[in-house]
Amino acid sequence: LESGQADREDIVDLFCRSEEFEDLCEDCGILNRIPTVRDEYPEACDVLDQCGGDLRAAYLWTRDSITYVRDINVDSRYTTRQLAHRAFSQRDGNCYVFSAAFTELACALGYDAHQMSGHITRSTGLVVPHSWVEIVIDGEVFAFDPEFEYVDPYYRNGWYFRYGRAGTFVYQDAFRMS
C-alpha cells in the first residue's frame, strides 16, 4: 500500500485467494465468494424456475398458488424469510404470507421490493392489520397486493398500482418489514 504498487482492493483480493484463507473458510463453513441470487433466495428461485422469470408470472403464482387461511397467528413479528418459507413449503397463509412470497420472488428477480405492514379499513369500518408489497420501479413506488384479489379476483386488482387508486384499500400506518 505504501509503495503504491497495490490498492486496498488488490490486497483484499490477494488475502481472499490465498490457500490459507480458502482452507479457513472451508473449515468454518464460510462462503468465500459473493452470494448469488440462488444462494440468497433458493426457494424463490425454485418457484421462478417453474412459473417463469418475470414479475407478472411471480405475482400470478403468488395469487393463485397459495390458499388463504384467515385464522392463523402469522403477522409482522415474523421475518419476511420465515413467512415466505411457509408460502413456498405449505402453500397457505394470510396476507403476510402472500406478501412475503411475492417480496422474495421480486427480490430474486432483482427488484427493489419490500414487504410492508400496516392497517386497512374494511368496508364495515373495521380496522385490521394487513401486509402488502412495495416495489421501487424507475424511482417510483408501486404497491402490489396479491392477497387483495383473493376476496374477489374478478373485480379487484392488486397488481401494480399507486397508493390511492380507486378500488384499492386505504393503507395506513405502513412500515417496512424487509
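Above this text is the structure in question.
What you see is a predicted model; the values in this text were computed from it and never measured.

*Asks:* In this structure, what is going on with the overall build of the protein chain? I would like to understand it.
*Replies:* Helix and strand counts for the protein chain come out as eight helices and six strands. When the helices and strands of the protein chain are placed in sequence order, the string is α-α-α-α-α-β-α-β-α-β-β-β-α-β. In terms of overall size, the protein chain is more extended than a compact globule, its C-alpha atoms giving a radius of gyration of 21 Å where 178 residues would be expected to give roughly 16 Å. Projected onto the principal axes, the alpha-carbon positions of the protein chain cover approximately 70 × 35 × 30 Å. When the 178 residues of the protein chain are sorted by exposure, 38% land in the buried category.

*Asks:* I'm lost on the nonpolar core in this one. Help?
*Replies:* Where a protein is soluble and globular, its nonpolar side chains tend to be buried together. Among the nonpolar cores identified, the biggest contains 35 residues, and Leu55, Leu83, Phe88, Phe102, Leu105, Ile135 and Phe144 are the most heavily contacted of them. When contributions to this core are tallied by element, the ones reaching two or more residues are helix 4 (42-51), helix 5 (55-65), helix 6 (80-90), helix 7 (95-108), strand 4 (127-137) and strand 5 (140-144). Tallying contributions element by element places helix 7 first for this core, with 11 residues. Ignoring sequence-local partners within four residues, the contact set of Phe144 consists of Leu55, Tyr59, Phe102, Trp132, Val133, Ile135, Ile137, Gly158, Trp159, Tyr160 and Phe161. In this structure, Met116, Trp132, Ala143 and Phe161 belong to the second largest nonpolar core, which totals nine residues.

*Asks:* Help me out: how do you make sense of the packing of helix 4 against helix 5 in this one?
*Replies:* Axis separation between helix 4 and helix 5 bottoms out at 10 Å; the angle between their running directions is 105 degrees. Judged by the angle between their axes, helix 4 and helix 5 are roughly perpendicular. From helix 4, Val47, Leu48 and Cys51 reach across to helix 5, where they touch Ala57, Ala58 and Trp61. In the contact of helix 4 with helix 5, the residues fall into six nonpolar, no polar and no charged.

*Asks:* Would you mind showing me how to read the pattern of salt bridges here?
*Replies:* Under the defined criterion, the tally for this structure stands at seven salt bridges. Close ionic contact of Asp49 with Arg38 constitutes a salt bridge, the shortest N to O distance being 2.9 Å. Of this pair, Asp49 sits in helix 4 while Arg38 sits in helix 3 (residues 37-40); the two residues are 11 residues apart in sequence, bridging distant segments of the chain. By relative accessible area, Arg38 is classed as partly exposed at 39%. Across the salt bridge formed by Arg86 and Asp92, the nearest N and O atoms sit 2.9 Å from each other.

*Asks:* For this particular structure, what's the right way to read helix 7?
*Replies:* Helix length check: helix 7, at 14 residues, gives a terminal C-alpha distance of 20 Å against a target of 20 Å (1.5 Å per residue), a fit within 8%. The element helix 7 is extensively covered by neighbouring structure, given that 14 of its 14 residues are classed as buried. The backbone nitrogen of Tyr96 has a side-chain oxygen 3.0 Å away, supplied by the residue at the start of helix 7, namely Asn94. Phi turns positive, to about 100 degrees, at Gly110, one or two residues after helix 7.

*Asks:* Just checking my understanding: could you explain the packing of aromatic side chains for this structure?
*Replies:* We describe a pair of aromatic rings using the distance from one ring centre to the other and the angle between the two ring planes. Taken as a whole, this structure holds 14 aromatic pairs when the rule is applied. Measuring from ring centre to ring centre gives 6.4 Å for Tyr68 and Phe98, while their planes differ by 50 degrees; the resulting arrangement is tilted. Highlighted residues: Tyr68 in strand 1 (residues 67-68) and Phe98 in helix 7, separated in sequence by 30 residues. This pair shows no difference in class: Tyr68 is buried, exactly as Phe98 is. Relative to Tyr171, the ring of Phe169 lies with its centre 6.1 Å away and its plane at 75 degrees, an arrangement referred to as edge-to-face. The same class applies to Phe169 and to Tyr171, which are both buried. Cluster of aromatic residues (ring-pair linked, three or more members): Tyr59, Phe102, Phe142, Phe144, Trp159 and Tyr160.

Parameters at a glance
Residues numbered from 1 in each chain as written. Predicted model: local features only at pLDDT ≥ 70, side-chain atom pairs only at ≥ 80, totals over all residues. Heavy atoms only, no water. Helix = DSSP H or I, 4+ residues; strand = E, 2+ residues; numbered from the N terminus. Rg over C-alpha atoms; globule rule 2.2 N^0.38 Å. Buried < 20%, exposed > 50% of the residue type's maximum accessible area, 1.4 Å probe, protein only. Core = buried A, V, L, I, M, F, W, Y, C linked by side-chain atoms within 4.5 Å. Contact = heavy atoms within 4.5 Å. Axes fitted to C-alpha atoms, helices over the stretch in contact; angles between N-to-C directions. Parallel < 35°, antiparallel > 145°, perpendicular 65-115°, else oblique. Nonpolar A, V, L, I, M, F, W, Y, C, P; charged D, E, K, R; others polar. Salt bridge = Lys/Arg side-chain N within 4 Å of Asp/Glu carboxyl O. Expected span 1.5 Å × (residues − 1). Polar contact = N/O pair within 3.5 Å; in protein donor to acceptor, adjacent residues only side chain to side chain. Phe/Tyr/Trp six-rings, centres within 6.5 Å; stacked < 30°, edge-to-face > 60°.

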